[in-house]
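Residue-level structural notes
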Amino acid sequence: MSGSRTPDATNQSPPLEGYDAYGADPWLRAAVRRAGVEWITPAAHGLGQYVGSPEAQHHASLANRYTPELRTHDRGGTRVDLVEYHPSYHALMNRALGAGVHSLAWKRADGGFSARAALFYLWNQLEQGVSCPVTMTFASIAVFDQAPGIAREWRGKVLADAYDPQPLPVARKPAATIGMAMTEKQGGSDLRAVRTTATRDGMGYRLNGHKWFCSAPMSDAFFTLAVLPEGVSCFFVPRSLADGARNTFLIQRLKDKVGNRSNASAEIEYLDTMAWLVGEPGRGIATLIGMAHHTRFDIVVAAASMMRSALNQALHHATHRWAFGKPLLSHVLMANVLADLALEAEGAQLLAFRLARAFDLSASDEGERGLQRVLTPIAKYALCKRLSAVAVEAMECLGGNGYVEESALARLYREAPLNGIWEGSANVICLDALRALARSPGAFAALADEVGAARDRRLDRAMDSIKVVLADADRAQSNGRRILETIAVCVQASLMKRHGDAEAAQAYIDSRLDSGGARAFGTLPLDAPALTRLAGRARLETDQAS
Ligand SMILES: Cc1cc2nc3c(=O)[nH]c(=O)nc-3n(C[C@H](O)[C@H](O)[C@H](O)COP(=O)(O)OP(=O)(O)OC[C@H]3O[C@@H](n4cnc5c(N)ncnc54)[C@H](O)[C@@H]3O)c2cc1C
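The structure contained in this document is the topic of the report that follows. (Residues numbered from 1 in each chain as written. Predicted model: local features only at pLDDT ≥ 70, side-chain atom pairs only at ≥ 80, totals over all residues. Heavy atoms only, no water.)

In this section: the overall build of the protein. Helix and strand counts for the protein stand at 20 helices and 11 strands. Against the globule reference of 24 Å for 546 residues, the protein gives a C-alpha radius of gyration of 24 Å, in line with a compact fold. The buried share of the protein, taken over its 546 residues, is 56%. Within the protein, counting contacts between residues at least 6 apart in sequence, those at least 24 apart form 72% of the total. Counting every atom, the protein has about 22,300 Å² of accessible surface; 52% of that belongs to carbon and sulfur. (Helix = DSSP H or I, 4+ residues; strand = E, 2+ residues; numbered from the N terminus. Rg over C-alpha atoms; globule rule 2.2 N^0.38 Å. Buried < 20%, exposed > 50% of the residue type's maximum accessible area, 1.4 Å probe, protein only. Contact = heavy atoms within 4.5 Å. Areas by Shrake-Rupley, 256 points an atom, 1.4 Å probe, with all protein chains shown as cover.)

Moving on, we come to the site of the ligand. Around the ligand, a shell composed of 20 residues is seen, among which Met-182, Thr-183, Gly-188, Ser-189 and Ser-215 lie nearest. Residue Thr-183 places a side-chain N or O atom 2.7 Å away from a nitrogen atom belonging to the ligand. Breaking the shell around the ligand down by element, the ones donating at least two residues are β3 (178–181), β5 (204–215), α12 (408–421) and α13 (426–439). The residue makeup of the shell around the ligand, split by class, is 10 nonpolar, eight polar and two charged. (Near = heavy atom within 4 Å. Polar contact = N/O pair within 3.5 Å; in protein donor to acceptor, adjacent residues only side chain to side chain. Nonpolar A, V, L, I, M, F, W, Y, C, P; charged D, E, K, R; others polar.)

A few words now on the packing of helix α6 (residues 112–123) against helix α7 (residues 131–144). Contact geometry of α6 with α7 gives a least axis separation of 12 Å together with a crossing angle of 165 degrees. The pairing of α6 with α7 is recorded here as roughly antiparallel in orientation. Seen along the crossing, α6 lies across α7 with a hand that is left-handed. Contacts from Phe-113, Arg-116, Phe-120 and Trp-123 of α6 reach α7 at Ser-131, Val-134, Thr-135 and Phe-138. Residues belonging to the contact of α6 with α7 are distributed by class as follows: five nonpolar, two polar and one charged. (Axes fitted to C-alpha atoms, helices over the stretch in contact; angles between N-to-C directions. Parallel < 35°, antiparallel > 145°, perpendicular 65-115°, else oblique. Left-handed = near helix turned anticlockwise from the far one by under 90°.)

This model, assessed by the stated rule, comprises 18 aromatic pairs. Aromatic pair Tyr-50 and Trp-123: ring centres 6.3 Å apart, planes at 20 degrees, arrangement stacked. Of this pair, Tyr-50 sits in helix α2 (residues 41–51) while Trp-123 sits in helix α6, and the two are 73 residues apart along the sequence. On the accessibility criterion, Tyr-50 (10% relative accessible area) is buried. Owing to a relative accessible area of 0%, Trp-123 belongs among the buried residues under this scheme. (Phe/Tyr/Trp six-rings, centres within 6.5 Å; stacked < 30°, edge-to-face > 60°.)

The next point concerns α13. End to end, α13 covers 20 Å across 14 residues, agreeing with the expected 20 Å (1.5 Å per residue, within 8%). For α13, the complete set of buried residues consists of Ala-426, Ile-429, Cys-430, Asp-432, Ala-433, Leu-434, Ala-436 and Leu-437. (Expected span 1.5 Å × (residues − 1).)

Glancing now at empty space enclosed by the protein. This structure, assessed with the given rule, holds two cavities of 30 Å³ or more. For the largest cavity, the calculated volume is near 70 Å³. Lining the largest cavity are 14 residues, with Pro-167, Leu-168, Asp-220, Arg-239 and Arg-246 positioned closest to its centre. When grouped by side-chain class, the residues that make up the lining of the largest cavity number seven nonpolar, three polar and four charged. As a volume, the second largest cavity reaches approximately 50 Å³. Around the second largest cavity, the lining residues are Lys-380, Tyr-381, Cys-384, Lys-385, Gly-420, Gly-424, Ser-425, Ala-426 and Ile-429. Elements represented by at least two residues in the lining of the second largest cavity include exactly α11 (366–397) and α13. Here the lining of the second largest cavity is composed, by residue class, of four nonpolar, three polar and two charged. (1 Å grid on protein atoms, 1.4 Å probe; cavity = no way out; pocket = protein on both sides within 12 Å on 5 of 7 lines; lining within 4 Å. Points joined across faces, edges and corners; volume = space filled by probe spheres on them.)

Moving on: the layout of surface pockets. The space that makes up the second largest pocket amounts to roughly 880 Å³. Residue lining of the second largest pocket: 36 residues in total, with Gln-57, Glu-405, Glu-406, Ser-407 and Ala-408 positioned closest to the centre. For the lining of the second largest pocket, the elements supplying multiple residues, two or more each, are α3 (54–65), α9 (284–320) and α12.

With 184 residues, the main nonpolar core has Phe-144, Phe-223 and Leu-447 as its most contacted residues. In terms of residue count, helix α10 (residues 332–361) provides more of this core than any other element does, 17 residues in total. Those residues in contact with Leu-447, other than ones at most four positions away along the chain, are Leu-371, Val-374, Leu-375, Ile-378, Leu-437, Met-463, Ile-487 and Val-491. (Core = buried A, V, L, I, M, F, W, Y, C linked by side-chain atoms within 4.5 Å.)

Between its first and last C-alpha atoms α10 spans 43 Å; for 30 residues at 1.5 Å apiece the expected length is 44 Å, and the two agree. Burial runs high along α10: 26 of the 30 residues are buried.

With seven of eight residues buried, strand β7 (residues 231–238) is to be regarded as a mostly interior element. Looking at chain direction, strand β6 (residues 221–228) and β7 are connected through eight bridges and run antiparallel. Each residue of the ladder has a partner; that of Phe-223, found in β7, is Phe-236. From the end of β6 to the start of β7, which pair antiparallel, there are two residues. Across three bridges, β7 lies against strand β9 (residues 265–278) in antiparallel orientation. (Pairing = 2+ DSSP bridges.)

A few words on the pattern of salt bridges. Scanning all chains against the criterion turns up 29 salt bridges. With a shortest N-O distance of 2.7 Å, Lys-211 and Glu-184 are connected by a salt bridge. With Lys-211 in strand β5 and Glu-184 in the loop between β3 and β4 (197–201), this pair connects stretches of sequence that are 27 residues apart. For the pair shown, Lys-211 and Glu-184 are each scored as buried. When the shortest N-O distance is used, the salt bridge between Glu-503 and Arg-533 registers 2.6 Å. Of this pair, Glu-503 sits in helix α18 (residues 502–512) while Arg-533 is found in helix α19 (residues 528–537), placing the two residues 30 residues apart along the sequence. Residue class for Arg-533 comes out partly exposed when judged on its relative accessible area of 46%. Shared partners join several salt bridges into a network, and the residues in it are Arg-296, Arg-373, Asp-432 and Arg-435. (Salt bridge = Lys/Arg side-chain N within 4 Å of Asp/Glu carboxyl O.)

Right under this line is the structure:
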């Protein structure tokens, strides 16, 4: 038999599965406690167990391997414009929407955004293709508030904790999902370039034109942009009309994407498509900004969650895999890499949940409303820029095993850059944050207060230097990325000092504040015991026992 038998597999780390992603994560439990939303604990344990289960992870893998297919016509040649998904994608959608990952923020006034952020943080450790329709459906509520006539029929269905993929009129469905279609071939960042036209037809309008990116095309309705004589305006396009007929929504092809493969993203054409005006004519971009602001918030939570997921995989592997006579984690240079990744993931998590808290308090506190407005683009920019670097470094921690599709890191790696691109690419996000800082004198003060709460002179000095750059509009624009990065680091450092571990906070400040942005993970200036402590404390509690 010699030569034909594969030797036993030894020294392979076991798959990270069969654990409760909430119960095993002390950082997340602390975030829930800080936000005063312990009422989410049973639901978080339930979702955490699902996220950590082999069953859910298998669904995630299948949904991304067997990607959606477009069926434009039926057998007889009638146009149907359907997208067919793998059953695992439907299973995941069913679980996410059933758990209220899209709806909870709007249902509970006592910390709904923070509690929902905990669920979304858990979900994104599992699968991100489902996160796209979940996020758009969540964020759509911000626009429904401006369309009371449409909201009467749709809002309840959008907030229902259920999933119904049937292509039927909303009246015949228990639950509905919503997408947003804005980007056209000639422009995505510059939406003033939209060319789709809208023409009055009775109580509604007829749209003619195209959209170059339209994700989750099987959603039940879309908020979209089209041009009226007054300018670019916002419209509501249901996929099915009240009489049961399908609205014209021609799916031309599906994008062959780098990642996010379980989710379809389509090119579509409107051909006399029925639509209803939302908000004022000519104010379409402003109307949809409310939705985009909420999707940007979700990207912040998702990016923090994906960092946690990458870190978990790296720490788990380094705990169980041996090289040169001891576990990888016991090698000081590996401990440095893992400790450094842990600092990044912890800072990101604290920032995401601080932002969620600001959303929760916005209704009653003007300062928090201002903070939420300006911190959302800052956090989106900063975390998205760090996410790809985290994913790559975590992948390398697994060696060759990280670079194969069976590893969860492969999917995270492909997914990571997308967060920086959609819902406003980095420069556009920088300009948005600079606009918010310029328009509202209180915005910088709110950020400085948040940083100042840590009573750390180095952080305060860094914020003072940013204030000087901001005072010169030209200088501010060319330094936009540096400004946002510095503010994000200061806010994260302040949060770590106040809520994290003192040693970790100091290491974060020493390594991030004056780094000039050019540093690899694993370059912390600390001794071996400190590195081992910092890496060890970041492990899931299931791995701490090993
Ligand atoms: C997988 C995927 C799914 C998507 N799904 C949807 C969807 O469902 N609905 C939808 O409407 N869109 C969707 N999009 C489109 C996405 O929102 C746009 O791609 C994005 O907003 C960027 O627009 P663009 O592609 O036209 O790039 P451009 O606008 O051409 O931008 C190119 C680059 O130029 C930079 N830039 C632009 N303006 C400036 C400036 N003033 N100063 C400095 N730099 C600038 C940008 O930051 C970017 O880096 C999706 C995209 C992807 C990749």
